[in-house]
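Structural overview
Listed here are the chains, written in short residue letters.
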Amino acid sequence: MWISFAKKNDIPAIIEMEKECFADKAWTKDMVENDFEKRSLYIIAKKEDDEYIGYLSILDLEDECEILRLGVRKKYRKQGYAKSMLDFIIEYCIENKKEKIYLEVNSANTVAIKLYELEGFTCINVRKNYYGQGEDAKIYVKLL
């Protein structure tokens, strides 16, 4: 497996992974394309045969980053790929002298929450019923 920064020719694969990972809450093609024009960065993970495993999107600000999306295709889940991409972006933030990394996660996503907490993220706020139907948003930060 290798991890690198995505290029525009990776957009169709990112959109397909977005649909697989987030179903009815998937970002549209226009949203992903617009991200490439902003200060957003995407990283992708691929197997040696160029099969896409997952992706991570961040907003790169002056002294901090915000993780916007982290998705791993279903057949590759629970194999350490999300952790590898997260480690990659943490290293990127350290190398680029960022002070903090933020993220938001659905409180029902216990698998992701466990990973973030193991990686040193701390919950700093909860937005009640943010996603509707009683699902809260948990806001996490990692100080670097």
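Structure: above.
Calculation notes
Residues numbered from 1 in each chain as written. Predicted model: local features only at pLDDT ≥ 70, side-chain atom pairs only at ≥ 80, totals over all residues. Heavy atoms only, no water. Helix = DSSP H or I, 4+ residues; strand = E, 2+ residues; numbered from the N terminus. Rg over C-alpha atoms; globule rule 2.2 N^0.38 Å. Buried < 20%, exposed > 50% of the residue type's maximum accessible area, 1.4 Å probe, protein only. Contact = heavy atoms within 4.5 Å. Areas by Shrake-Rupley, 256 points an atom, 1.4 Å probe, with all protein chains shown as cover. Lys, Arg positive; Asp, Glu negative; His and termini not counted. Charge placed at Lys NZ, Arg CZ, Asp CG, Glu CD. Axes fitted to C-alpha atoms, helices over the stretch in contact; angles between N-to-C directions. Parallel < 35°, antiparallel > 145°, perpendicular 65-115°, else oblique. Left-handed = near helix turned anticlockwise from the far one by under 90°. Nonpolar A, V, L, I, M, F, W, Y, C, P; charged D, E, K, R; others polar. Salt bridge = Lys/Arg side-chain N within 4 Å of Asp/Glu carboxyl O. Polar contact = N/O pair within 3.5 Å; in protein donor to acceptor, adjacent residues only side chain to side chain.

This part covers the overall build of the protein. Of the regular secondary structure elements, the protein holds four helices and seven strands. Reading the protein from its N end, one meets helices and strands in the order β-α-α-β-β-β-α-β-α-β-β. Against the globule reference of 15 Å for 144 residues, the protein gives a C-alpha radius of gyration of 15 Å, in line with a compact fold. Counting the 144 residues in the protein, one finds 42% classified as buried. Long-range contacts, defined as pairs at least 24 residues apart, comprise 57% of the intrachain contacts of the protein with a sequence gap of at least 6. Of the roughly 8,300 Å² of accessible surface on the protein, a fraction of 49% belongs to carbon and sulfur atoms. Side-chain charges in the protein split into 24 positive and 27 negative, and the spacing between the mean points of these groups amounts to 3 Å.

In contact at an axis separation of 10 Å, helix 1 (residues 11–22) and helix 2 (residues 29–37) are set at 130 degrees when each is read in the N-to-C sense. The angle between the axes of helix 1 and helix 2 places the two elements in the oblique class. At the point where helix 1 passes helix 2, the crossing takes the right-handed sense. From helix 1, I11, I14 and I15 reach across to helix 2, where they touch K29, V32, E33 and F36. When the residues that make up the contact of helix 1 with helix 2 are grouped by side-chain class, the tally is five nonpolar, no polar and two charged.

As a further point, take unusual backbone geometry. Trans is the common state for peptide bonds, and a negative phi is the common state for residues other than glycine. Of note in this structure, D50 is not a glycine but carries a positive phi near 70 degrees. Here D50 shows up in the loop between strand 2 (40–46) and strand 3 (52–60). Residue N129 is not a glycine yet carries a positive backbone phi of 55 degrees. Looking at the element boundaries, N129 is found in strand 6 (residues 122–132).

Moving on, we get to the side chain of K142. Along the chain, K142 falls in strand 7 (residues 135–143). The buried charged residue K142 lacks any salt bridge, with E119 as its nearest oppositely charged partner at 5.8 Å. Side-chain polar atoms of K142 contact the backbone oxygen of E119, separated by 2.7 Å. Not counting chain neighbours up to four residues away, the residues in contact with K142 comprise I90, E99, K100, I101, E119, G120 and F121.

This is a description of form; function is not addressed.
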